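Next come the chains, spelled out residue by residue.
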Amino acid sequence: MLNRDNLLHIINDLINPDFGNKQVIMGNGYDAIIDILQNVRTVEYPAFILECRDSGYFHVVEGAVDFHSQSIWIMGVLERDEDEAALYEAMFQLAKKVISRLLKHRNDDCLSGWQPNRISYMKRYGGPNSRGWELILNFNEDISLIDG
């Protein structure tokens, strides 16, 4: 599963090294991410917000597998008189670059179990001036559900 440091390493060429701590941020759930985006002083755009594991399911067939997801929000700031559609398009292009970097690192331990064959995405409105996309990464992990 990804953490902030892993993501920072993977997308290091997409961020400004002077603002890494304000560009690559961890968020614990949707509401926490919205709070982060609404506090302009703590965010440097474009922002990459990695959401902690937020959902999943256990699949038990011959063995047990934990299927879970993790999101990365790629967000830009809407400047005065800027075209919202253009910002969404720019952030979508940046999201595709993030996927490209993730694919290059798919054999890293932090991406163990990642299922890159299907990556969902959706538009995100992150507050008064923040717009972008959420990428949803799916992971599966072999686990044991035997108690004892």
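Residues numbered from 1 in each chain as written. Predicted model: local features only at pLDDT ≥ 70, side-chain atom pairs only at ≥ 80, totals over all residues. Heavy atoms only, no water.

The subject of this paragraph is helix α4 (residues 84–104). Think of an α-helix as 3.6 residues a turn; residues three or four steps apart then line up on the same face. The terminal C-alpha atoms of α4 lie 31 Å apart, and with 21 residues this matches the ideal 30 Å at 1.5 Å per residue to within 8%. Within α4, burial applies to Leu87, Tyr88, Met91, Phe92, Leu94, Ala95, Val98, Ile99, Arg101 and Leu102. On its buried face, α4 is in contact with α1 (4–10), β2 (47–51), β4 (64–77), β5 (120–125) and β6 (130–143). Sitting at the amino-terminal end of α4 is Asp83, which places a side-chain oxygen 3.3 Å from the backbone nitrogen of Ala85. (Helix = DSSP H or I, 4+ residues; strand = E, 2+ residues; numbered from the N terminus. Expected span 1.5 Å × (residues − 1). Buried < 20%, exposed > 50% of the residue type's maximum accessible area, 1.4 Å probe, protein only. Contact = heavy atoms within 4.5 Å. Polar contact = N/O pair within 3.5 Å; in protein donor to acceptor, adjacent residues only side chain to side chain.)

Considering the arrangement of structural elements, one finds Gln93 in helix α4. Taking the relative accessible area as the measure of exposure, Gln93 reaches 31% and is therefore partly exposed. Separated by 11 residues in the primary sequence, Gln93 and Glu82 have C-alpha atoms spaced 17 Å apart. A polar side-chain atom of Gln93 sits 2.6 Å from a polar atom in the side chain of Glu89.

Here the focus is the confidence of the model for the protein. Taken as a whole, the protein shows an average pLDDT of 87; of its residues, 95% reach a score of 70 or greater. Confidence, expressed as mean pLDDT per element, reaches its minimum in the protein at strand β3 (residues 55–60) with 70 and its maximum at α4 with 96. (pLDDT = per-residue confidence, 0-100.)

In this section: the side chain of Arg131. Mapped onto the fold, Arg131 is located in strand β6. The class of Arg131 is buried, set by a relative accessible area of 5%. Within polar-contact distance, the side chain of Arg131 engages the side chain of Glu84 at 2.5 Å. Beyond its immediate stretch of four places on either side in the chain, Arg131 contacts Ile74, Met75, Gly76, Leu78, Glu84, Leu87, Tyr88, Met91, Arg124 and Tyr125.

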